[in-house]
Amino acid sequence: MTFEEIKSRLNSYKEAGKLMFTSSSFQSHSLVMLHIISRVDNTIPVYFINTGYHFPETIQFRDHVTEAFKLNTIDLKPEVPKHMQMDSEGRLLFTSDPDHCCYLNKTQPMDGILRSFDVWINGVRADQSAVRAAMKVEQPAPYNTVRFHPMLDWNSKMIWQYQKEFNLPKHPLEEKGYVSIGCEPCTRRLDPGMQEREARWYGLKKVECGLHTELVTK
Amino acid sequence: MNILITGGAGYIGTGLVAKLAADDAVKKIVLYDNLSRPNYGVFLGGRRPGAEKIRFYKGELLDSRHLKMVLKDIDVVYHLAAKVTTPFANADAHLYEQVNHWGTAELVYAVEESNVRKFIYASSSGVYGDSNEAVDELSLPAPKSFYAISKLRGEEHVKRLMNKRDTYIFRCGNVYGYNRGMRFDAVINKFVFEANFQKRITVHGNGNQSRAFIHIDSVATALANVLKSDLKGGVYNLVERNIKVIDIVDELKQLIPDMEFIFINQHLTLHELNVKPNETVNQKLNLGELKPLQEELREFINRFSF
């Protein structure tokens, strides 16, 4: 979708009285959609899923981008305190059950937000994973909501061109070799020869946190 | 002024609460501690001046819900809670991470949502790793133990507060000296106990390793005085002196001449860390004249009941 197409779609949701929100992990490539949204309507709430496990650099970058794009960023924190997120060995869940960890810190908090909106503007791209490639631009989601995927047909080159055109800032960890940045315990700086998808949940079959598999109606 | 001390029932907390309770500007002191050690010294010894200001909450650093509640009317936070083991801080990396890194992150998030205006974090000079040359605040951290790594990672979260709150990170030397909440696992305290009661000290390594130290009363004084001092927020070393382990033994030998000392692994040259005392900081925080070590050790021994 082009900027004009995205703008037109957002405006039509607005005219239809739909309540919209977006979510962002504030990685460099996520900034393209945030920037587009800020050009159309910077009052749209931007939920940052603050799992508590982010790199301090990510939090600082979030604040920087929020200010630069004048975004309406809202910190979304888990309901379940970390001391209730231990396994039978007394360790935090990311050490033994990352799916459960993602559920408590990402999916469950987002599930609550989804209930109070009509449209979730979501920046997934088809070229990111097989799960995402199977998605549609508009897709039904729980609680009678709609997921709108404006970036679905964007590829890395288009992202790069937009970043360059608008001189978008870069996540500070990128220059240190991180290519995909999520929660610190499950993010790995790539060694030579590693593939991009191995930057997250390295060693596991897990490729999605649950936001795009559980909070979607197939 | 209302104050919260995480790890308030610990060694440093016990010293700090005594100073703060005596300060008229302080209206309330909340000790937040999970009593993991368990150390009950801060609760004992009869009513202290300012006792009515002090409250205790048994709580976890990773309990964001509880933290939010106790931070409600707090102006100043002292973050002393930590997972510490001495002498070997390399048993289970995840446990140090859990408390010292992620626990600190949780506290920082809770503070960001509160009206706290001053945040003081007790870090460790261990973040510098090894150094024969005295390091200062400009030296690059290179932590070696799991404990020190987790403390440095905690610092990274605390640093996020620096442009929002008055934020202080104090990299403290090894703490020693008597108070009711004292620990006997750290080197000087352990030596003094063994020298007095067993007349035989156990020494790790060849004894030539030196470490940076600060007396418990000095740490407590420094931390309490942050409230009144014109010291600006930042990262500071809090250290009074560097001593070789074997020199501590020598001083004790002079006080208790029939004492022996035994080396359990003198083939080992253990790592060494010297830290340059920051005279400006020590002066601004009113640490006063440094007493001779032997005098401090004598005072320490005199606190024992026999």
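Calculation rules
Residues numbered from 1 in each chain as written. Chains lettered and ligands numbered in written order. Predicted model: local features only at pLDDT ≥ 70, side-chain atom pairs only at ≥ 80, totals over all residues. Heavy atoms only, no water. Helix = DSSP H or I, 4+ residues; strand = E, 2+ residues; numbered from the N terminus. Rg over C-alpha atoms; globule rule 2.2 N^0.38 Å. Buried < 20%, exposed > 50% of the residue type's maximum accessible area, 1.4 Å probe, protein only. Contact = heavy atoms within 4.5 Å. Areas by Shrake-Rupley, 256 points an atom, 1.4 Å probe, with all protein chains shown as cover. Lys, Arg positive; Asp, Glu negative; His and termini not counted. Charge placed at Lys NZ, Arg CZ, Asp CG, Glu CD. Patch = residues over 30% accessible without salt bridge, like charges linked within 9 Å, V, L, I, M, F, W, Y side chains within 5 Å. Salt bridge = Lys/Arg side-chain N within 4 Å of Asp/Glu carboxyl O. Phe/Tyr/Trp six-rings, centres within 6.5 Å; stacked < 30°, edge-to-face > 60°. Lys NZ or Arg CZ within 6 Å of the ring centre and 35° of its normal. Domains from an automatic or database assignment. Buried area = accessible area lost by both parts, 1.4 Å probe. Polar contact = N/O pair within 3.5 Å; in protein donor to acceptor, adjacent residues only side chain to side chain. Expected span 1.5 Å × (residues − 1). Bend = angle between axes of the 7 residues up to and from the residue. Disulfide = S-S within 2.5 Å. Pairing = 2+ DSSP bridges. Axes fitted to C-alpha atoms, helices over the stretch in contact; angles between N-to-C directions.

(A) Representation of the overall build of chain A in the model. Tallying secondary structure elements over chain A gives six helices and six strands in all. Written out in order from the N terminus, the α and β elements of chain A read α-β-α-β-α-β-α-β-α-β-β-α. Taking 17 Å as the expected radius of gyration for a compact globule of 218 residues, we find that chain A reaches 17 Å, a close match to that expectation. In terms of its C-alpha atoms, chain A occupies a principal-axis envelope of roughly 55 × 40 × 35 Å.

(B) View of the overall build of chain B. Check the secondary structure of chain B and you find nine helices and 14 strands. Relative to the 2.2 N^0.38 estimate, which gives 19 Å for 306 residues, the radius of gyration of chain B is 19 Å and therefore close to what a compact globule would have. Overall, the C-alpha framework of chain B stretches about 55 × 45 × 35 Å when taken along its three principal axes. For chain B, buried positions account for 57% of its 306 residues. Taking the contacts inside chain B whose residues are at least 6 apart along the sequence as the reference set, 83% of them involve residues at least 24 apart. A total accessible area of about 13,300 Å² is found for chain B, and carbon and sulfur atoms account for 50% of it. Averaging the locations of the 39 positively and 36 negatively charged side chains of chain B gives two centres separated by 5 Å.

(C) Examining a nonpolar patch on the surface more closely. The grouping of Tyr40(B), Phe43(B), Leu44(B) and Phe56(B) at the surface amounts to a nonpolar patch, some 380 Å² of accessible area in total. Here Phe43(B) is to be found in the loop between β2 (28-33) and β3 (54-58).

(D) Local environment of unusual backbone geometry. Residue and element names in this part refer to chain B. In this structure, Pro 38 follows Arg 37 across a cis peptide bond, with omega equal to -15 degrees. With respect to the helices, strands and loops of the structure, Pro 38 is situated in the loop between β2 and β3. You will see that Leu 35, though not glycine, has its phi angle at about 55 degrees, which is positive. If you trace the backbone, Leu 35 turns up in the loop between β2 and β3.

(E) Spatial organisation of the packing of aromatic side chains. Taken as a whole, this structure holds 23 aromatic pairs over all chains when the rule is applied. Here Phe21(A) and Phe117(A) contribute two aromatic rings whose centre-to-centre distance is 4.7 Å and whose plane-to-plane angle is 45 degrees, an arrangement assigned as tilted. With Phe21(A) in strand β1 (residues 20-23) and Phe117(A) in the loop between α4 (98-114) and β4 (119-121), this pair connects stretches of sequence that are 96 residues apart. Of the two residues, Phe21(A) and Phe117(A), both sit in the buried class. When the ring of Tyr168(B) is compared with that of Phe170(B), the centres are 6.0 Å apart and the planes differ by 5 degrees; the resulting orientation is stacked. Phe170(B) carries the same exposure label as Tyr168(B), and that label is buried. Chaining the aromatic ring pairs together yields one cluster made of Phe184(B), Phe193(B), Phe197(B), Phe300(B), Phe304(B) and Phe306(B). In this structure, Arg200(A) packs its charged tip against the face of Trp201(A), placed 5.3 Å from the ring centre. Positioned above the aromatic ring of Trp201(A), the side-chain terminus of Lys206(A) is 4.8 Å from the ring centre.

(F) Structural detail: the domain arrangement of chain B. All names here are of chain B. When cut into domains, chain B gives domain 1 (2-175 + 213-238) and domain 2 (177-211 + 241-274 + 289-302). Spacing between the C-alpha centres of domain 1 and domain 2 amounts to 25 Å. Tallying the contact residues gives 29 residues for domain 1 and 22 residues for domain 2. For the pair domain 1 and domain 2, the two sides together bury roughly 2,100 Å², of which 52% comes from carbon and sulfur. The largest per-residue losses of area from domain 1 upon contact with domain 2 belong to Tyr 11, Thr 86 and Phe 213, which jointly make up 35% of the total buried on that side. Linking domain 1 with domain 2 are one salt bridge, by the criterion used here. Two residues, Arg 37 and Asp 185, come together in a salt bridge whose shortest N-O distance is 3.6 Å. Here domain 1 is connected to domain 2 by 11 residue pairs in polar contact (both at pLDDT 80 or more). Among the elements of the structure, α1 (11-21), β6 (131-135), β8 (174-176) and β10 (210-215) are those that each provide at least two residues to the side of domain 1 that touches domain 2. Residue contributions to the side of domain 1 that touches domain 2 peak at five residues, all from β6.

(G) Expanded view of helix α3 (residues 93-112) of chain B. Residues and elements named next belong to chain B. Its 20 residues give α3 an end-to-end C-alpha distance of 27 Å, which sits within 8% of 28 Å, the value for a rise of 1.5 Å per residue. The sharpest bend along α3 measures roughly 30 degrees and falls at Gly 103. Extensive coverage of α3 is indicated by the burial of 17 of its 20 residues.

(H) Summary view of the state of the cysteines. All names here are of chain A. A full pass over the atoms with the stated rule returns zero disulfides over all chains. Cys 101 provides the cysteine sulfur closest to Cys 186, a residue in no disulfide bond, and the two sulfurs are 6.4 Å apart. A relative accessible area of 18% places Cys 186 in the buried class.

(I) Seen up close, helix α4 (residues 146-159) of chain B. Taking 1.5 Å of rise per residue, the 14 residues of α4(B) would be expected to cover 20 Å, and the 20 Å separating its terminal C-alpha atoms lies within 8% of that figure. The set of residues buried in α4(B) consists of Tyr147(B), Ala148(B), Ser150(B), Lys151(B), Leu152(B), Gly154(B), Glu155(B), His157(B) and Val158(B). Summarising the contacts, the buried residues of α4(B) are in contact with α3 (56-69) of chain A together with α3, β5 (118-124) and β7 (166-172) of chain B.

(J) Representation of the sheet that holds β4(A) within the structure. All names here are of chain A. Taken in spatial order, the six strands line up as β3-β2-β1-β4-β6-β5 in an open sheet, and their pairing is mixed. With partners counted over all chains shown, the strands left at the sheet margins are β3 (72-76) and β5 (138-141), one partner each. Each neighbouring strand pair of the sheet contributes to a mean axis angle of 30 degrees, computed without reference to strand direction. As judged from the four bridges shared by β5 and strand β6 (residues 145-148), these two strands associate in the antiparallel manner. Bridge assignment links Glu 138 to a residue of β6, and that residue is Phe 148. Relative to β1, helix α2 (residues 31-40) is tilted by about 155 degrees, and along the sheet it contacts β1, β2 (45-49) and β4.

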